[in-house]
Amino acid sequence: MFKDIEAIIFDLDGTLMDSMWMWEDIDIEYFKRFDIPFTHKYQTDIEGMSFNEIAVYFKEVFKIPDSVEKMKADWNQMAWDKYNTEVFPKPGVLDFLEKLKQKNIRCAIATSNSIQLCMACLNAHNMAGYFSEIHTASEVKHGKPAPDIYLLVADKLGVDPKKCLVFEDLYKGICAAKNAGMRTCAVADEYSEEFIDKKIEAADYFIQDFTDSMITEF
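Residues numbered from 1 in each chain as written. Predicted model: local features only at pLDDT ≥ 70, side-chain atom pairs only at ≥ 80, totals over all residues. Heavy atoms only, no water.

It is worth spelling out the pattern of salt bridges at this point. Under the definition given, this model contains 10 salt bridges. The salt bridge involving Lys72 is made with Glu69; its shortest N-O contact spans 3.2 Å. Taken together, the residues span about one helical turn, with Lys72 and Glu69 both in helix H4 (residues 68-85) at a distance of three residues. Asp74 is the salt-bridge partner of Lys70, the closest N and O atoms lying 2.9 Å from each other. Placement of the pair is Lys70 and Asp74 together in helix H4, with a separation of four residues, close to one helical turn. Judged by relative accessible area, Asp74 falls into the buried class, the value being 14%. (Salt bridge = Lys/Arg side-chain N within 4 Å of Asp/Glu carboxyl O. Helix = DSSP H or I, 4+ residues; strand = E, 2+ residues; numbered from the N terminus. Buried < 20%, exposed > 50% of the residue type's maximum accessible area, 1.4 Å probe, protein only.)

Here you go:
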């Protein structure tokens, strides 16, 4: 899996962090403010969208009266405490990042989350120092499954996309990395369990978490 790889790019939520669960909690709480019934139907539509794209989607589909900027600010505030006190790295993540550091393999993050929440999450667990580049889909024109965010990160790293390995938990994220010409490893996550077959088929590799033998024996 790691042959000829010069950089490893990680998605954040559901890949490095066990955090996908919290977004449903936040959505339920947020919808209650506007007496909107919660439904899982929209979650497939927003998969891979940037933080800003999701806010625009919510505003248009659910007719939220607040501005997009206020919506994002509210979500940031609602998520802040959870990232600091209730969200933790997935099994094996910290050991793997330390191993990559010792091997001088550069690491980066490409997330659909906001930069504020991404940094809050990483800083809460003393992880920010492991990453040479941290970028969000808000910096590019199109969110996942478009390859934009992964191509941006490869460019910032100065690494050929073909020499990048991407870890992703969502199908659209895997597709984004493949569309960028990168090698991909799907990561299991309870949130996307129903799409596990699609994830495995789309990716080059698959792990349950970062205690997998493909990781620990690297």
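Another aspect to go through is helix H8 (residues 171-179). Side chains that are three or four residues apart share a direction in an α-helix, a result of its 3.6 residues per turn. Among all positions of H8, only Gly173, Ile174, Cys175, Ala176 and Ala177 are buried. On its buried side, H8 packs onto helix H7 (148-157), strand S4 (164-168), strand S5 (183-187) and helix H9 (196-202). Backbone geometry just downstream of H8 places Gly181 in the positive-phi region, at approximately 85°. (Contact = heavy atoms within 4.5 Å.)

The next subject is the sheet that holds strand S1 (residues 7-10). One key point about sheets: their strands pair by backbone hydrogen bonds, in either a parallel or an antiparallel sense. Read across the sheet, six strands follow the order S3-S2-S1-S4-S5-S6 without closing on themselves; strand pairing throughout is parallel. Of all the strands in the sheet, just strand S3 (133-136) and strand S6 (205-207) have a single pairing partner and so form its edges. When strand polarity is set aside, the average angle formed by the axes of neighbouring strands in this sheet is 20°. Bridge analysis of S5 against S6 gives three bridges, and the strand direction is parallel. Bridging across to S6, Ala186 finds its partner in Phe206. Helix H6 (residues 115-124) contacts strand S2 (106-111) and S3 of the sheet and is inclined by roughly 140° relative to S3. (Pairing = 2+ DSSP bridges. Axes fitted to C-alpha atoms, helices over the stretch in contact; angles between N-to-C directions.)

So, about the environment of Asp27. Turning to its location among the elements, Asp27 is positioned in helix H1 (residues 20-33). For Asp27 and Trp75, which are 48 residues apart along the polypeptide, the C-alpha to C-alpha distance reads 8.8 Å. In this structure, Asp27 is in contact with Phe38, Tyr42, Gln43 and Phe58, ignoring residues within four places of it in sequence.

Turning our eyes to something else, we now look at H1. When we look at burial in H1, the residues that qualify are Met20, Met22, Trp23, Ile26, Asp27, Tyr30 and Phe31. Looking down the long axis of H1, one finds its buried residues gathered within 165° of arc, a one-sided arrangement. Against the buried residues of H1 lie helix H2 (41-46), helix H3 (51-62), H4 and H6. At the exit of H1 stands Asp35, carrying a positive phi of roughly 55°. (Arc of directions from axis to C-beta.)

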